[in-house]
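An overview of the molecular structure
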Amino acid sequence: MNVWQVVGDQHSGKTTLMEKWVAAAVREGWRVGTVKHHGHGGEPARPEGVDSVRHERAGAVATAVEGDGLLQLHLRRPLWRLDDVLALYAPLRLDLVLVEGYKQDRYPKVVLVRSAKDWASLQHLADIRAVIAWEPLEGPLVHPVFSLADDDEYIPWLMNEVRTRT
């Protein structure tokens, strides 16, 4: 499975990059999956009172809702590692899986940084392939660095990198 990570601190532009990258891959006819790590603590928001939440509150560890071709699956366990989630994606035969978060995992990464201070706290991560920065970064950098505003540069670059790993 071709898996890439998009990592960075809160409000660094991860979700926006994910949207642009997914759209670019889909335009090329790729089947894309995404995984988002909800790193803010607590459970992701789900509306109370809907049947699947009521099923879960009654004790179900797996609930699913299907409608008009969309399947929402909720599985409860103490901890979901990224590899656990990717194992669920394996039968889907996706061309690309983009992961937002899970900083410590070891898949190719694109790091978004707002400042040199952000970069200093993230540059130790494994398998960084590119950095997208809100402001210029000083000093010797071993990774390609793109300006956040230059998506016409970094989206094609990312797609080319992904193609070389398929």
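All of the points below concern the structure found in this document.

With 14 residues, helix H5 (residues 151-164) extends 20 Å from end C-alpha to end C-alpha; this agrees with the ideal 20 Å at 1.5 Å per step. Where H5 is concerned, the buried positions are Tyr-154, Ile-155, Leu-158, Met-159 and Val-162. Down the axis, H5 shows its buried residues gathered within 135 degrees of arc, on one side only. Turned more than 90 degrees from where H5 packs its buried face, Asp-152 and Thr-164 sit exposed. Those residues of H5 that are buried are in contact with strand E1 (3-8), helix H1 (14-27), strand E5 (96-100), strand E6 (109-113), strand E7 (128-133) and strand E8 (145-147).

Bringing the nonpolar core into the picture now. Counting residues in each nonpolar core, the largest one holds 20 residues, and the members touching the most others are Trp-4, Leu-17, Trp-21, Leu-96, Val-110, Ile-132 and Tyr-154. Setting aside its immediate chain neighbours within four residues, Trp-4 contacts Trp-21, Leu-96, Val-97, Leu-98, Val-99, Pro-108, Val-110, Arg-129, Glu-161, Val-162 and Arg-165. One finds Val-113, Leu-122, Val-131 and Ala-133 within the second-largest nonpolar core, a separate group that totals 10 residues.

Summarising the element assignment, Ile-155 is placed in helix H5. Take Ile-155: its relative accessible area is 10%, and that puts it in the buried class. Not counting the four nearest positions on each side in its chain, Ile-155 is found in contact with Leu-17, Lys-20, Trp-21 and Ala-24.

Pairing is possible between side chains of opposite charge, provided their charged atoms come close. Taken as a whole and judged by the stated rule, the model has nine salt bridges. Residue Glu-28 is joined to Arg-163 by a salt bridge in which the shortest nitrogen-to-oxygen separation is 2.6 Å. With Glu-28 in the loop between H1 and strand E2 (32-36) and Arg-163 in helix H5, the pair connects residues that are 135 residues apart, well separated along the chain. Between Lys-36 and Glu-100 there is a salt bridge, and its shortest N-O distance comes to 3.5 Å. Of this pair, Lys-36 sits in strand E2 while Glu-100 sits in strand E5, and the two are 64 residues apart along the sequence.

Here we come to the sheet that holds E1. Strand order in this open sheet of six strands is E2-E5-E1-E6-E7-E8, and the pairing throughout is parallel. Here the strands that pair on one side only, and so sit at the sheet edges, are E2 and E8. The sheet shows a mean angle of 20 degrees between the axes of neighbouring strands, taken without regard to direction. Pairing of E6 with E7 involves five bridges; the strand directions are parallel. Within the sheet, the bridge partner assigned to Val-111 lies in E7 and is Val-131.

Here Thr-63 is to be found in strand E3 (residues 62-67). The exposure class assigned to Thr-63 is buried, which follows from its relative accessible area of 6%. Residue contacts for Thr-63: discarding those within four places in its chain leaves Ser-52, His-55, Glu-56, Gln-72, Leu-73 and His-74.

Another point: the packing of aromatic side chains. In total, this model carries three aromatic pairs according to the counting rule given. Centre to centre, the rings of Phe-146 and Trp-157 are 5.4 Å apart; their planes meet at 55 degrees, and the pair counts as tilted. Of the two residues, Phe-146 sits in strand E8 while Trp-157 sits in helix H5, which places them 11 residues apart along the sequence. A relative accessible area of 23% means that Trp-157 is categorised as partly exposed. Grouping aromatic residues by their ring pairs yields a cluster made of Phe-146, Tyr-154 and Trp-157. For the cation-ring pair, Arg-77 lies above Trp-80, with the distance from its terminal atom to the ring centre recorded as 4.7 Å. Between the NZ or CZ atom of Arg-114 and the centre of the ring of Trp-134, over which it lies, the distance is 3.9 Å.

Procedures and definitions
Residues numbered from 1 in each chain as written. Predicted model: local features only at pLDDT ≥ 70, side-chain atom pairs only at ≥ 80, totals over all residues. Heavy atoms only, no water. Helix = DSSP H or I, 4+ residues; strand = E, 2+ residues; numbered from the N terminus. Expected span 1.5 Å × (residues − 1). Buried < 20%, exposed > 50% of the residue type's maximum accessible area, 1.4 Å probe, protein only. Arc of directions from axis to C-beta. Contact = heavy atoms within 4.5 Å. Core = buried A, V, L, I, M, F, W, Y, C linked by side-chain atoms within 4.5 Å. Salt bridge = Lys/Arg side-chain N within 4 Å of Asp/Glu carboxyl O. Pairing = 2+ DSSP bridges. Axes fitted to C-alpha atoms, helices over the stretch in contact; angles between N-to-C directions. Phe/Tyr/Trp six-rings, centres within 6.5 Å; stacked < 30°, edge-to-face > 60°. Lys NZ or Arg CZ within 6 Å of the ring centre and 35° of its normal.

This is a description of form; function is not addressed.
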